[in-house]
Amino acid sequence: MSAEFGGRTGRQGKLSQWLRGRRPKEAAADEGGREALLLAAAGAGLPLAPAAYPAPGYRCSCDRVGCPTPARHPVSFAWQTQSTTDPAQIERWARHQPQANFITATGMVHDVLDVPLEAGAEALERLLDAGIDVGPVAASDDGRLLFFTLTRGTPEDEDEWWPCELDCHPETMDEHPGLRWHCRGSYVLVPPARLPGDQRVSWVRGLEHPLPDPLTLLEVLTDACARHIGEEPDHANAAWPSRR
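Residues numbered from 1 in each chain as written. Predicted model: local features only at pLDDT ≥ 70, side-chain atom pairs only at ≥ 80, totals over all residues. Heavy atoms only, no water.

Undergrad: Sorry, what's going on with the sheet that holds strand E1 (residues 48-51) here?
TA: Paired through their backbone hydrogen bonds, the strands of a sheet run either parallel or antiparallel. In spatial order, the strands read E1-E4-E9; together these three strands make up an open sheet with antiparallel pairing. Strands at the two margins of the open sheet, each flanked by one partner only, are E1 and strand E9 (187-189). With direction set aside, neighbouring strand axes in the sheet form an average angle of 35°. Bridge analysis of strand E4 (residues 101-105) against E9 gives three bridges, and the strand direction is antiparallel. Of the residues in E9, the one forming a bridge with Ile-103 is Leu-189. (Pairing = 2+ DSSP bridges. Helix = DSSP H or I, 4+ residues; strand = E, 2+ residues; numbered from the N terminus. Axes fitted to C-alpha atoms, helices over the stretch in contact; angles between N-to-C directions.)

Structure, rendered in structure tokens:
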């Protein structure tokens, strides 16, 4: 499902309230429309692959003992080549794996700017108030806001790819609490997704919004993240993916 927040009528408090107190019927609607939402994501060009899901006791469905990212990672090591927008394949996965989450591989069609919830809510308000086209945004109940953008990582020259390094890798969130730029070699969970502790990943702004150029969002997101972690913004270095 898609809900609208930000702008002059939707403030940060409204976003936070929705994230912390989702109504049961909203959660039920997400579950009932899971396949439709996944197909919509693929139809918007987001390549998908199956991911793990929560198991009892805050564990992960994978076989790894002490999984460091429970329910947040792909099930196959070949997820980059497996990722697809083919609706028939996604339907088969969704029906044969009814509990599975799905990831979307970044750096092919889209990137994701991943920020702390409070910083992201502040930035979303500022961006919409300024009339900037934000694009799709997803919220994770574990405290992150995901801004989906066009990719900057598909040049003709292979040496010009931007790989996803430590500052924007899915498994290093605790070490890098600010902005993380998911590009080539990375992924994020695509809504609807479930996390341990009955937490969810849901759309705040849906895929009907076109993907923007990430550079149109970068300065505002960097400023908000700098305030969130109590540092002065560094637009030149804080959010750029590492290059080879």
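Undergrad: Would you mind going over helix H7 (residues 215-228) with me for this structure?
TA: Because each turn of an α-helix spans 3.6 residues, side chains separated by three or four positions in sequence point in the same direction. The terminal C-alpha atoms of H7, which comprises 14 residues, lie 20 Å apart, in line with the 20 Å expected from a rise of 1.5 Å per residue. Residues of H7 that are buried: Leu-217, Leu-218, Val-220, Leu-221, Thr-222, Asp-223, Ala-224, Cys-225 and Ala-226. On its buried face, H7 is in contact with strand E5 (110-116), helix H6 (117-129), strand E7 (144-150) and strand E8 (180-182). (Expected span 1.5 Å × (residues − 1). Buried < 20%, exposed > 50% of the residue type's maximum accessible area, 1.4 Å probe, protein only. Contact = heavy atoms within 4.5 Å.)

Undergrad: Before we go on, may I ask you to explain helix H3 (residues 34-43) in this structure?
TA: Taken residue by residue, H3 has Arg-34, Leu-37, Leu-38, Ala-41 and Ala-42 as its buried positions. Along the axis of H3, the buried residues cluster in a sector spanning 140°; they form a single face. Exposed and facing more than 90 degrees away from the buried side of H3 are Ala-36 and Gly-43. Of the residues trailing H3, Gly-45 is marked for its positive phi of about 100°. (Arc of directions from axis to C-beta.)

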